[in-house]
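Residue strings, one per chain:
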Amino acid sequence: MKTAWMFPLVVTVLGAVYVLLFHSFEDEVKANLPSQVQTESPEAQTVSGPLTVEVLLQRTYLDGESSQEVIYETIWSMDDFWAAYADWQLVDQDLSRIIFEQEIDDISPLLKVNGYFGLSEDGILTIFNGRPHEDQVIQSFYQIDVQKLESNLLKKLKEGIRVETKTNYQEVINQYKPYAIKK
């Protein structure tokens, strides 16, 4: 029969795939979750399957806001896992959790949805969550000399200037910077 040679070939290929996937995985993973690790001796640990870890992603935006996202990753290949987070900075890791952080070169989603520039009671250029009269401060910048400020610019700040994009955010900061009180 002409297909008799296929069975040993399939077994060989499956064995090679197993060795490539799991042997290198075991070599790279020194510690694991307790339910997945079987300790034979204090020095030896074997992995009984893929590693599942909690991944905490911390993002910090230009406006000072930060967010955290928790996801659970099943790691089949350490190389693939680290490649997936190449743009992130490793902060901490332990047996069951890895913390990454990333600085985002953009304004936060909160600011895009409900951010307004305005003046605090002290005359400080401030971003508010909502209109300035609601007093929910997100970020403060510098004190403005309201005596030198043009009346139309002061009126805009009192009403609140909507912030929707990074460009808009930077334009407003730069527009009011000449009126900053220098200490």
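Read on for an overview of the structure. (Residues numbered from 1 in each chain as written. Predicted model: local features only at pLDDT ≥ 70, side-chain atom pairs only at ≥ 80, totals over all residues. Heavy atoms only, no water.)

1. A few points about the overall build of the protein chain
Which entries qualify depends on this criterion: By definition, any uninterrupted DSSP run of H or I lasting at least four residues is a helix, any uninterrupted run of E lasting at least two residues is a strand, and each is numbered from the N terminus. Whether a residue is buried, partly exposed or exposed follows from its accessible area with a 1.4 Å probe, protein chains only, as a fraction of its type maximum: under 20%, in between, or over 50%, in that order. In what follows, a contact means two residues having at least one pair of non-hydrogen atoms within 4.5 Å. We get accessible surface area from the Shrake-Rupley algorithm with a probe of 1.4 Å; when it comes to residues, only the shown protein chains can shield them.
When its secondary structure is counted, the protein chain shows five helices and 10 strands. Buried positions account for 32% of the 183 residues belonging to the protein chain. Partitioning the intrachain contacts of the protein chain with sequence separation of at least 6 by distance along the chain shows that 49% fall at a separation of at least 24. Accessible surface, the protein chain as shown: approximately 12000 Å² in total, 53% of it carbon and sulfur.

2. A word on the sheet that holds strand β7 (residues 115-119)
Counted only if it meets this: For two strands to pair, DSSP has to find at least two bridges joining them. For every element, the axis is a line fit to its C-alpha atoms; helices are fit only across the contacting stretch, and the angle between N-to-C directions ranges from 0 to 180 degrees.
Read from one edge to the other, the open sheet built from four strands follows the order β9-β8-β7-β10, with strand pairing classed as antiparallel. The open sheet terminates on both sides in strands that have one partner only, identified here as β9 (137-143) and β10 (161-163). Neighbour to neighbour, the strand axes of the sheet diverge by 25° on average, direction disregarded. With three bridges connecting them, β7 and β10 associate as antiparallel partners. Considered in β10, the bridge of Gly-115 is made with Val-163.

3. Topic: the sheet that holds strand β3 (residues 51-60)
In spatial order, the strands read β4-β3-β6-β5; together these four strands make up an open sheet with mixed pairing. Unpaired on one side and paired on the other, β4 (66-75) and β5 (89-93) mark the two borders of the sheet. Across this sheet, the average inter-strand angle for adjacent strands is 25°, counted without regard to direction.

4. Considerations on the side chain of Arg-59
By secondary structure assignment, the location of Arg-59 is in strand β3. The exposure class assigned to Arg-59 is buried, which follows from its relative accessible area of 18%. Ignoring sequence-local partners within four residues, the contact set of Arg-59 consists of Glu-65, Ser-66, Ser-67, Glu-69, Trp-88, Gln-102 and Ile-104.

5. Describing the nonpolar core
The criterion, for reference: As used in this record, nonpolar core signifies buried Ala, Val, Leu, Ile, Met, Phe, Trp, Tyr and Cys residues forming a set joined through side-chain atoms within 4.5 Å.
Formed by 21 residues in total, the largest nonpolar core has its most connected members in Phe-117, Ile-144, Leu-149, Leu-157, Tyr-169 and Tyr-176. Residue assignment for this core shows that the elements contributing at least two residues are β7, β8 (124-129), β9, α4 (151-159), β10 and α5 (166-176). Sorting elements by how many residues they give to this core places α5 first, with four residues. Other than its neighbours up to four places away in sequence, Ile-144 contacts Leu-119, Gly-123, Leu-125, Leu-149, Leu-157, Tyr-176, Tyr-179, Ala-180 and Ile-181.

6. Observations concerning the environment of Gln-89
Its place among the elements puts Gln-89 in strand β5. Considered as a pair, Gln-89 and Ile-99 are 10 residues apart in the sequence and their alpha carbons are 8.5 Å apart. Not counting chain neighbours up to four residues away, the residues in contact with Gln-89 comprise Ile-99, Phe-100 and Glu-101.

7. Let's talk about the packing of aromatic side chains
Worth spelling out the cut-off: Whether two aromatic rings pair depends on their centres lying within 6.5 Å, for rings of Phe, Tyr and Trp, where Trp uses its six-membered ring; planes under 30 degrees apart make the pair stacked, over 60 edge-to-face, and the rest tilted.
Scanning all chains against the criterion turns up eight aromatic pairs. Considering the side-chain rings of Trp-82 and Phe-100, the 6.0 Å spacing of their centres and the 80° angle between planes classify their relative orientation as edge-to-face. Pair noted here: Trp-82 is in helix α2 (residues 78-84) and Phe-100 is in strand β6 (residues 97-103), with a separation of 18 residues, a long-range link. Judged by its relative accessible area of 35%, Trp-82 is partly exposed. By relative accessible area, which is 1% here, Phe-100 ends up buried. Relative to Phe-100, the ring of Tyr-85 lies with its centre 4.8 Å away and its plane at 10°, an arrangement referred to as stacked. One end of the pair, Tyr-85, is in the loop between α2 and β5; the other, Phe-100, is in strand β6, and 15 residues separate them in sequence.

Functional significance is not addressed by these values, which are geometric in nature.
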